[in-house]
Amino acid sequence: MEKISVAVLGATGTVGQKFISLLENHPFFEVTEVVASSRSAGKKYKDAVSWKQDRFIPENVADLIVKTTEDTLDSRILFSGMDAEVAGPAEEEYARRGHFVISNSKNHRMDKDVPIIIPEVNPEHFELIKVQPYKGAIITNSNCSTMFLAMVLAPLHKAFGVEKVFVSTMQAISGAGYPGVPSMDILGNVIPFIGGEEPKMECEAQKILADLKDGELVPAPFVVSAHCNRVAVFDGHTESVSVLFKNKPTVEQVKETLRNFKGIPQEKQLPFAPKQPILVFEEENRPQPARDVWKENGMAACVGRIRECSIFDIKMTVMGHNTVRGAAGAAILNAETLVALGYLN
């Protein structure tokens, strides 16, 4: 197929850089436009960005001239890694102009007509874009810590009915962007607060697992209690999760349900789709960020220590790559699914 031209919004930031890095040699998409703040406008991308990725700037992007949100864009698909302070109105304006904005920003996640998409979980929620008041559309992925929780809860909720969830996170410093958390605050320390993180975890999963009825989402009926902590790990958010079910499963039933979980991305063999979206570990000390975060190219949810809970029914450890499946990689998979399902036509 002929490659689709795409733009990256917030291209000089850490999420924008991750988009550009991951999109290199993508079989569907080619980055042809980069957008950043006015202080970068008119410069070549390689001169405007303080590049922090672990491989060089792709040659086809390095010499692109940076545009601003005031400029007209030719790309139909826009990947947004914009800062939340500016993302809201900018993304709306692009959607009004007819662009499909695939956003990593939080601004529109809880809008009633904007889907939070995890393609293996809720591809039917793409239908919401048909009722949006735009020529284009806005599509979001979840908060990075919600991503792995929702991926694991989805098949379990369908099979056994989730009623209550308790989750305590240990979140990597890369989730704070660059320069992130000062070293004297995080080294040898745990910071038991991440601004805005707990409310996002406590409401996003219910929207992701909602039923779509008559063009509206009916949130999943379970409740989530979240404790979010920043720890001195570079990549990989780890979560200790306890779940109460309507119909209590055995440990083996939980493992089997998670191992068998697949969706449209796997059926269509999309480029960024993990072959196995949920990896179940039997080792008593796994998953671990340092050893498992790049499994399935960083696009899987890793689950281990599945066992009975003395307060709820089942408890487990969940882990995933927060800047890949939890951010830019998730948005790219959303765009691949959008194209594969024909919504861009």
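Here, the structure is the one placed above.
Cut-off values and rules
Residues numbered from 1 in each chain as written. Predicted model: local features only at pLDDT ≥ 70, side-chain atom pairs only at ≥ 80, totals over all residues. Heavy atoms only, no water. Helix = DSSP H or I, 4+ residues; strand = E, 2+ residues; numbered from the N terminus. Rg over C-alpha atoms; globule rule 2.2 N^0.38 Å. Areas by Shrake-Rupley, 256 points an atom, 1.4 Å probe, with all protein chains shown as cover. Lys, Arg positive; Asp, Glu negative; His and termini not counted. Charge placed at Lys NZ, Arg CZ, Asp CG, Glu CD. Disulfide = S-S within 2.5 Å. Buried < 20%, exposed > 50% of the residue type's maximum accessible area, 1.4 Å probe, protein only. Pairing = 2+ DSSP bridges. Contact = heavy atoms within 4.5 Å. Axes fitted to C-alpha atoms, helices over the stretch in contact; angles between N-to-C directions. Parallel < 35°, antiparallel > 145°, perpendicular 65-115°, else oblique. Left-handed = near helix turned anticlockwise from the far one by under 90°. Nonpolar A, V, L, I, M, F, W, Y, C, P; charged D, E, K, R; others polar. Expected span 1.5 Å × (residues − 1). Bend = angle between axes of the 7 residues up to and from the residue. Salt bridge = Lys/Arg side-chain N within 4 Å of Asp/Glu carboxyl O.

1. So, the overall build of the protein
In step 1: Within the protein one finds eleven helices and 14 strands.
In step 2: In terms of overall dimensions, the protein is globule-like: its C-alpha atoms have a radius of gyration of 19 Å, near the 20 Å expected for 345 residues.
In step 3: With respect to the principal axes defined by its C-alpha atoms, the protein has extents near 60 × 50 × 35 Å.
In step 4: Of the accessible surface of the protein, which amounts to about 15,200 Å², a share of 49% is contributed by carbon and sulfur atoms.
In step 5: A distance of 2 Å separates the average location of the 37 positive side-chain charges in the protein from that of its 43 negative side-chain charges.

2. Focus on the state of the cysteines
In step 1: The full count for this structure, using the stated rule, is zero disulfides.
In step 2: There is no disulfide at Cys203, and the cysteine sulfur nearest it, in Cys228, is 12 Å away.
In step 3: Here Cys302 is not cross-linked by a disulfide; its sulfur's nearest cysteine counterpart is in Cys144, at 15 Å.
In step 4: For Cys302, a relative accessible area of 2% puts it in the buried group.

3. Thoughts on the sheet that holds strand β14 (residues 314-320)
In step 1: Ordered in space as β7-β10-β6-β11-β14-β13-β12, the seven strands form an open sheet in which the pairing is mixed. Two strands close off the open sheet at either side, each with one partner strand: β7 (190-191) and β12 (278-280).
In step 2: In terms of strand pairing, β7 meets strand β10 (residues 223-231) through two bridges, oriented antiparallel. Following the sheet pairing, Val190 is matched in β10 by Val231.
In step 3: Of the strands in this sheet, β6 (162-171), β10 and β11 (237-245) touch helix α7 (residues 197-208), which is tilted by about 140° from β10.
In step 4: On top of the sheet, helix α8 (residues 251-259) reaches β12, β13 (301-308) and β14; it is set at about 165° to β13, its chief contact.

4. Remarks on the sheet that holds strand β5 (residues 137-140)
In step 1: Here we have five strands laid out as an open sheet, ordered β2-β1-β3-β4-β5, and parallel in their pairing. In the strand order of this sheet, the two ends are held by β2 (29-35) and β5, each with one partner. When the angles between neighbouring strand axes are averaged without regard to direction, this sheet yields 25°.
In step 2: In this sheet, strand β4 (residues 100-103) lies alongside strand β3 (residues 77-80) in parallel orientation, the contact comprising four bridges. Its bridge partner lying in β4, Ile77 is registered against Phe100.
In step 3: Across the sheet, helix α1 (residues 14-22) is in contact with β1 (4-9), β2 and β3; its angle to β1 comes to roughly 160°.

5. Points about the packing of helix α5 (residues 144-160) against α8
In step 1: Where α5 contacts α8, the two axes come as close as 9 Å, and the packing angle between them is 120°. As judged from the angle between their axes, α5 and α8 are oblique. Here α5 and α8 pass one another in a crossing that is right-handed. Taken together, the residues of α8 that come into contact with α5 (itself represented by Val152, Pro155, Leu156, Ala159 and Phe160) are Gln253, Val254, Thr257 and Leu258.
In step 2: Within the contact of α5 with α8, the residues separate by chemical class into seven nonpolar, two polar and no charged.

6. Examining α5
In step 1: Taking 1.5 Å of rise per residue, the 17 residues of α5 would be expected to cover 24 Å, and the 25 Å separating its terminal C-alpha atoms lies within 8% of that figure.
In step 2: For α5, the principal kink sits at Leu153 and spans about 30°; a proline, Pro155, occurs within the next four residues.
In step 3: For α5, the buried fraction is high: 15 of the 17 residues fall into the buried class.

7. Digging into the pattern of salt bridges
In step 1: Taken as a whole and judged by the stated rule, the model has 14 salt bridges.
In step 2: A salt bridge links Lys130 to Glu127; the shortest N-O distance between them is 3.1 Å.
In step 3: In this structure Lys130 comes out as exposed when scored by relative accessible area, which is 57%.
In step 4: Within the structure, one salt-bridge network assembled from shared partners comprises Glu252, Lys255, Arg259 and Glu282.

8. Looking at unusual backbone geometry
In step 1: Of the consecutive residues Tyr178 and Pro179, the connecting peptide bond is found in the cis state with omega at 5°.
In step 2: Inspection of the secondary structure puts Pro179 in the loop between β6 and α6 (183-186).
In step 3: Backbone torsion omega between Arg286 and Pro287 reads 10°, so that peptide bond is classified as cis.
In step 4: Structurally, Pro287 is set in the loop between β12 and α10 (289-292).
In step 5: The phi torsion at Asp214 lies on the positive side, around 55°, for a residue other than glycine.
In step 6: Topologically, Asp214 is positioned in the loop between β8 (211-213) and β9 (216-218).
In step 7: On the basis of relative accessible area, Asp214 is assigned to the exposed category, the value being 83%.
In step 8: Positive phi values are uncommon outside glycine, yet Gln269 reaches one of about 50°.
In step 9: Among the secondary structure elements, Gln269 is positioned in the loop between α9 (264-267) and β12.

Nothing here speaks to function; it is geometry throughout.
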